[in-house]
There are 4 protein chains.
Amino acid sequence: MFFASDTGSGAAPEVMAALLRANEGYARSYGADPLTARSRELIREIFEAPEAEVHLVATGTAANALALGLLAPPWGAIFCHDHAHIQEDECGAPEFFTHGAKLVPVPGPHGRMAPGALRRALEIAAAGGVHGVQPGAVSITNVTEAGTLHSPAQIAALAAEARAFGLPVHLDGARFANAVAGGNASPADLSWRAGVDVLSLGGTKNGCLGVEAVVIFDPAEAGPGKSWEFELRRKRGGHLFSKHRFLAAQMAAWLEDGLWLRLAAQSNRAAAALAGGLARIDDVTLRHPVEANILFPEWRAGRHETLRAAGAQYHAHDPAPGTPTPDHGATREGARLVTSWCTSAEEIEAFLALFAA
Amino acid sequence: MFFASDTGSGAAPEVMAALLRANEGYARSYGADPLTARSRELIREIFEAPEAEVHLVATGTAANALALGLLAPPWGAIFCHDHAHIQEDECGAPEFFTHGAKLVPVPGPHGRMAPGALRRALEIAAAGGVHGVQPGAVSITNVTEAGTLHSPAQIAALAAEARAFGLPVHLDGARFANAVAGGNASPADLSWRAGVDVLSLGGTKNGCLGVEAVVIFDPAEAGPGKSWEFELRRKRGGHLFSKHRFLAAQMAAWLEDGLWLRLAAQSNRAAAALAGGLARIDDVTLRHPVEANILFPEWRAGRHETLRAAGAQYHAHDPAPGTPTPDHGATREGARLVTSWCTSAEEIEAFLALFAA
Amino acid sequence: MFFASDTGSGAAPEVMAALLRANEGYARSYGADPLTARSRELIREIFEAPEAEVHLVATGTAANALALGLLAPPWGAIFCHDHAHIQEDECGAPEFFTHGAKLVPVPGPHGRMAPGALRRALEIAAAGGVHGVQPGAVSITNVTEAGTLHSPAQIAALAAEARAFGLPVHLDGARFANAVAGGNASPADLSWRAGVDVLSLGGTKNGCLGVEAVVIFDPAEAGPGKSWEFELRRKRGGHLFSKHRFLAAQMAAWLEDGLWLRLAAQSNRAAAALAGGLARIDDVTLRHPVEANILFPEWRAGRHETLRAAGAQYHAHDPAPGTPTPDHGATREGARLVTSWCTSAEEIEAFLALFAA
Amino acid sequence: MFFASDTGSGAAPEVMAALLRANEGYARSYGADPLTARSRELIREIFEAPEAEVHLVATGTAANALALGLLAPPWGAIFCHDHAHIQEDECGAPEFFTHGAKLVPVPGPHGRMAPGALRRALEIAAAGGVHGVQPGAVSITNVTEAGTLHSPAQIAALAAEARAFGLPVHLDGARFANAVAGGNASPADLSWRAGVDVLSLGGTKNGCLGVEAVVIFDPAEAGPGKSWEFELRRKRGGHLFSKHRFLAAQMAAWLEDGLWLRLAAQSNRAAAALAGGLARIDDVTLRHPVEANILFPEWRAGRHETLRAAGAQYHAHDPAPGTPTPDHGATREGARLVTSWCTSAEEIEAFLALFAA
């Protein structure tokens, strides 16, 4: 009963097998190997973006922070949801890699920035003159931190606000596979066709050991030399792997034959099953719609103790300490449950059974 | 009728005279001159802080940003009012000088952080573990950006929250002279006795050409080498003046014989007179109490045009573009009026007379 | 015949096997897993340093730059050999992670700083006052970029210079395994006993996929909170792996039962065999003594073409373009050959045979 | 007998008078005042550069570091003389404002980079690929730190090397007035006509209190938005003065009617007189030609004590501690003498008379 995080799961067998194959013989270092070329080719095909530049790194924080460093100047404002991962969970990595840009939190329900709130935040920043930070970039997350999805239209609406102020759009796709698997839209629809300039495409949470691709969809539009600038930023950030084949092998295997979407679909189905089961339990409510592989249930206080004693692993997720909690008083408590590609039906059943007791 | 900013005024005659005197003969560079020593001595006396370290710079942004760089690490959170100058008006200077710290805006009425809101923000940051930025420093502003004052007790309440999390306290005193002149508390009461560790003491807005003192009240407590570290940061920031006597001459003349408080009191009296006059005009309301030298009046729409046509200089100050304005609809407009040491009774009368028309 | 780099080799079978084992089941993220604990324990044992703090990252650049960020302030000077990897091959990563420290190149024969030259550089920096960068840290490399070793006494001599100026000592041990395997000194003798405070211990070049340990030998002496600070810097740099077990599995397997030293010894033996063979060829000279797994042969011009046509892979290594080349004129050319744990006797023989032709 | 630095002198009477005049009445803040416009106009006229953008700051370090931040990326190499002020005397300000660029020292006699040495350094950097810092900018100093001049042809030769690698050229003109006064070339000949893109034009050392102009000669070529970017960098660096008229008043008065060149000529003449007198003293030699207002005499050991006892103020200037001193052994000692616009004939005579004793 492991629902603490999708990063607690291992790698898919296909990925491990590819890693073993990649280990044979010598390979040129730093990305000049055939597997790196293959992973680039796959991304271009899957995203219908033959000009896209693709660079691999090993962590989602690196992917996001390097991408933002490419897009926003040190005196820039980066607009993101007020609970975005880049705002709350990366220990200031975006500030570090941008050399001090300011993240501007934009509110919105269920993990999505409200377009109107984004527009107002952009207007305020644009009006600041030399005394304020300048509008720099917009960063959207899909799957959101609330476990919800953005439709292509929702991304396009946010991107339109960004465009109106001349800003580039970044998409944090740490769980992009779950977003594609969870909706009816293609990878292209959910990215460049909706106005995304740079995507962090995450493999780690979905069956890899540790690999993310930063995809620059239109290097020409991004500006001359932007792809090379990314490479310099990556090296300077310590994120260029010498034995690069081991990053590339993961990414290529993960993308081949739709494995990435199969793994994500398994993960989403597990979440749906869990949500369905929880919905049948009297005292359980869900804080956000379950659209991918993350659930935020709340239940009567005291269950944490029981569930954990029985071996369930997950994080409590009450509102931050000290904030008012109008929706659940002393008698309620919340959790964050995350499923993964290897969550089993047995785990779900066992977990749900604990609520019957 | 100049109410655009207290930085639109010149320097007081006493300060200019001191500058002329300072210009005689040779002087050692970089602060090794007698005037620098004298300005340090004066600050120690006035603040009853014989151990305080004093460093001069030429701008308020430099004073604040260097002070914050000293107090907060790159991965730190700096807690300040959500309309603090460091948050809204310094183009990311605190982020630059701290190498990427994150400013956490804390709400509160009339320009003052609410202690409870500060505590909640601190609790959230402290709970973040390695994934979040760490509590770094608290920065208070007095006079606030809303033109209001903090009492010693109010500063102490905020400082107590900071102390509970082990954080140092910075005070942005760009208008500290107005704060002292406007209240019944001594410089010491409004700074170190209330828990302030480092003060930005502003001369520029109150009758100098351009000089601010950064006062480290207890270098021993601040940490070994912190004063020397400040000097290195100042040099590295390009803020160490070679002809340092010209900064020191201003600061010393401004502090001698209470000139700084006389100038600030003039400025505050002018604001009080302006506020008194505006209070007698039917359609005028004040957004914040007038406690120092800044006023935020609102009036029926259309007055801007009349006032400016008659030669009044000031900044409109409506809520930021796009934000909801429940308190004054299409028929209201707002302004920010700032008086200074050289605002004349004639200017005030002439301005008020425009409302009669 | 692959001698381009030891990073062109794959991972040792034992390491791959450990990775497969590590993939079973769930594991807690971010280093809270048993393999991470095991790798820490192994390093403490092997280095006879029970108090040492150990943090894993995936690249050598990250290990070095994060370590230097911990040791030197932004206004610090970092003293290193003028051909050190941190000076020439990391695209400014040390400058990035230190927020702008200055690397001061120190000359010395065969890749080793001359202690006298280090002392002079330290004296100059220490004399600079507020106008110069301050002495910050000393960084030694072992195996050096010239393929030579430092003895414990040589490290101690450099560390003594550092100590005389109160500076901490970093050791770039990207090939530390080769250094231990190549000499008669223990890991402790080559690190903390000789005065090293922080070690970058490299697994990548010696049979891992991508893992390096940063070892803080005496966290108490390093300063309160330094190990925690490292964790924050690592996270902020995007170098904290969520699926941390995959870093730890490599490191633990590599260190278990002396595998790391066996692999390094194979690599060193291959280099010695290559050097021995080349020594018997008339026109070949070696620029540096061959003490580990890197060789810098020079030969009569024209050989590059023949060797490469026959399939030999290596980098030409003439002096930098434009520099005077008194030691080999138009008729000479140089190479850098690197062996690895998987260099075969057949490769060496085949390569040497090309010289006979 | 004050020869410690030209920053030990005060401001010229004309500059102080202008400051007094500038103090009358209100003025718009942050550079929107007529004196700022006037100083811009004067620089455009004097440099025959009607399109030039001009921004004022208060210190030479700020001017240089902000200019370099504009020209070189964080992963850039900045090529300068190995004793350049930016390399030795600014406590890492260029590294701070560029976010970590690397200064590459280029040797050359008498404070001037040798063009061949610059070319070699550029070639090495350009050959580094993603692993090395990239060629970023070239920075020339005129007057040099050795007190010598560059001719237009010498500047053009260095700029040609920069151009060949696509690099912009910065000129540190802290003593540019002395350079113009000391040669036969116009301001334009010594700057943009010789290939300089951005000039730091120093007023502080030549009769101002503290003001420097950063001149971007061709904003169109510098890149779209570069002038605005400079303004953002200046604000963010804390270098935008609110009471900007006091910077502008100095600069305008200094440039009006050739005052700047008269002051510099006085300073240069004083140096020539001093050099002439020293040349007649048996044991005195000069380390560099005296072409502006700085002298580096050497004399028999023991004179320091006598001269200082008699009241002479200057800095000893032996080679850095610890470096070998083949040219003057235990029996020689060196000094750095700097004259200024207010050095008097009496001071020079009195100083020279001390050698007779």
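Residues numbered from 1 in each chain as written. Chains lettered and ligands numbered in written order. Predicted model: local features only at pLDDT ≥ 70, side-chain atom pairs only at ≥ 80, totals over all residues. Heavy atoms only, no water.

Before going further, it helps to spend a moment on the environment of Ala156(B). Structurally, Ala156(B) is set in helix α7 (residues 152-164). Between the C-alpha atoms of Ala156(B) and Ala272(B), which are 116 residues apart in sequence, the distance is 27 Å. (Helix = DSSP H or I, 4+ residues; strand = E, 2+ residues; numbered from the N terminus.)

All names here are of chain D. Contact geometry for helix α6 (residues 115-126) and helix α7 (residues 152-164): axes closest at 9 Å, N-to-C directions at 15°. When the axis of α6 is compared with that of α7, the two are roughly parallel. Here α6 and α7 pass one another in a crossing that is right-handed. Contact residues: Pro115, Leu118, Arg119 and Leu122 in α6; Ala157, Leu158, Glu161 and Ala162 in α7. Its residues assigned to classes, the contact of α6 with α7 shows 6 nonpolar, no polar and 2 charged. (Axes fitted to C-alpha atoms, helices over the stretch in contact; angles between N-to-C directions. Parallel < 35°, antiparallel > 145°, perpendicular 65-115°, else oblique. Left-handed = near helix turned anticlockwise from the far one by under 90°. Contact = heavy atoms within 4.5 Å. Nonpolar A, V, L, I, M, F, W, Y, C, P; charged D, E, K, R; others polar.)

We now examine the pairing of strand β1 (residues 53-57) of chain D. All names here are of chain D. Counting buried positions over the 5 residues of β1 gives 4, a clear majority of the element. Of the pairings in the sheet, the one linking β1 to strand β7 (residues 212-216) comprises 5 bridges and is antiparallel in character. Note on β7: the bridge partner recorded for Val57 is Glu212. (Buried < 20%, exposed > 50% of the residue type's maximum accessible area, 1.4 Å probe, protein only. Pairing = 2+ DSSP bridges.)

This part covers the interface of chain D and chain A. Of the residues lining the interface, 18 residues belong to chain D; the matching set on chain A comes to 18 residues. Both faces combined, the contact of chain D with chain A buries some 1700 Å², and carbon together with sulfur accounts for 70% of it. When the buried surface of chain D facing chain A is broken down by residue, Trp75(D), Val130(D) and Arg236(D) rank first, second and third, together holding 37% of it. Across the contact surface, chain D and chain A share 8 residue pairs in polar contact (both at pLDDT 80 or more). Sort the elements by how many residues they give to the side of chain D that touches chain A and helix α10 (residues 226-236) of chain D lands first, with 7 residues. When its residues are assigned to classes, the side of chain D that touches chain A shows 7 nonpolar, 6 polar and 5 charged. (Buried area = accessible area lost by both parts, 1.4 Å probe. Polar contact = N/O pair within 3.5 Å; in protein donor to acceptor, adjacent residues only side chain to side chain.)

The tendency in soluble globular proteins is for nonpolar side chains to be buried as a group. In terms of nonpolar packing, the biggest core is built from 126 residues, with Phe79(A), Trp254(A), Phe79(C) and Trp254(C) touching the most fellow members. Counting 125 residues, the second largest nonpolar core, distinct from the first, contains Ile140(B), Ala249(B), Phe217(D) and Trp341(D). (Core = buried A, V, L, I, M, F, W, Y, C linked by side-chain atoms within 4.5 Å.)

As a further point, take the interface of chain C and chain A. Contacts between the two partners involve 48 residues from chain C, matched on the other side by 48 residues from chain A. Across the interface of chain C and chain A, roughly 4100 Å² is buried in total on both sides, 60% from carbon and sulfur atoms. Per-residue buried area on chain C facing chain A is highest for Tyr26(C), Phe96(C) and Lys243(C); these three make up 21% of the total on that side. Viewed at the interface, chain A and chain C are joined by 0 salt bridges. For the interface between chain C and chain A, the tally reads 32 residue pairs in polar contact (both at pLDDT 80 or more). Only α1 (13-22), α3 (60-71), α5 (93-97), α10 (226-236) and α11 (245-255) of chain C provide two or more residues apiece to the side of chain C that touches chain A. With 4 residues, α5(C) is the single largest residue contributor to the side of chain C that touches chain A. Looking at the side of chain C that touches chain A, its residues break down into 20 nonpolar, 19 polar and 9 charged. (Salt bridge = Lys/Arg side-chain N within 4 Å of Asp/Glu carboxyl O.)

This paragraph deals with the relation of the copies chain C and chain A. It takes a turn of 180° to lay chain C on chain A, together with a shift of 0.0 Å along the axis; the resulting RMSD is 0.0 Å. The symmetry that links the two subunits is that of a two-fold axis. Taking the C-alpha atom as reference, chain C places Gly237(C) closest to the rotation axis, 3.6 Å from it. Interface overlap between copies: 100% of the residues of chain C at the interface are likewise at the interface in chain A, consistent with a symmetric, same-surface contact. (Least-squares fit on C-alpha atoms with pLDDT ≥ 70 in both.)

Residues and elements named next belong to chain A. Judged by pairing direction, the sheet is mixed, and its 7 strands sit side by side in the order β1-β7-β6-β5-β4-β2-β3 without closing on themselves. Two strands bound the open sheet, and with one partner strand each, they are β1 (53-57) and β3 (102-106). Going from strand to strand, the sheet's axes swing by 20° on average, the running direction of each strand aside. For strand β5 (residues 169-173) and strand β6 (residues 198-202), the ladder comprises 4 bridges, and the chain directions are parallel. Directly across from His170, in β6, lies its bridge partner Val198. Together, β1, β6 and β7 (212-216) form the strand contacts of helix α2 (residues 34-46), whose direction differs from that of β1 by roughly 125°.

Turning next to helix α2 (residues 34-46) of chain C. Residue and element names in this part refer to chain C. With 13 residues, α2 ought to run about 18 Å at 1.5 Å a step, and its terminal C-alpha atoms sit 18 Å apart, in line with that. For α2, every residue scored as buried is listed here: Thr36, Ser39, Leu42 and Ile43. Down the axis of α2, the buried set is contained in an arc of 125°. They therefore lie on one face. Packing partners of the buried residues in α2 comprise β1 (53-57), β6 (198-202), β7 (212-216) and α11. Looking at where α2 begins, the residue whose side-chain oxygen comes 3.2 Å from the main-chain nitrogen of Leu35 is Asp33. The positive-phi residue at the C-terminal boundary of α2 is Glu48, with phi of around 50°. (Expected span 1.5 Å × (residues − 1). Arc of directions from axis to C-beta.)

Take the sheet that holds β1(D) next. All names here are of chain D. One open sheet accounts for 7 strands, arranged β1-β7-β6-β5-β4-β2-β3; its pairing is mixed. The open sheet is flanked by β1 and β3 (102-106), the only strands paired with a single partner. Taken over all neighbouring pairs, the strand axes of this sheet differ in orientation by 20° on average, direction set aside. The sheet strands contacting α10 are β1 and β7, and the helix crosses β1 at an angle near 10°.

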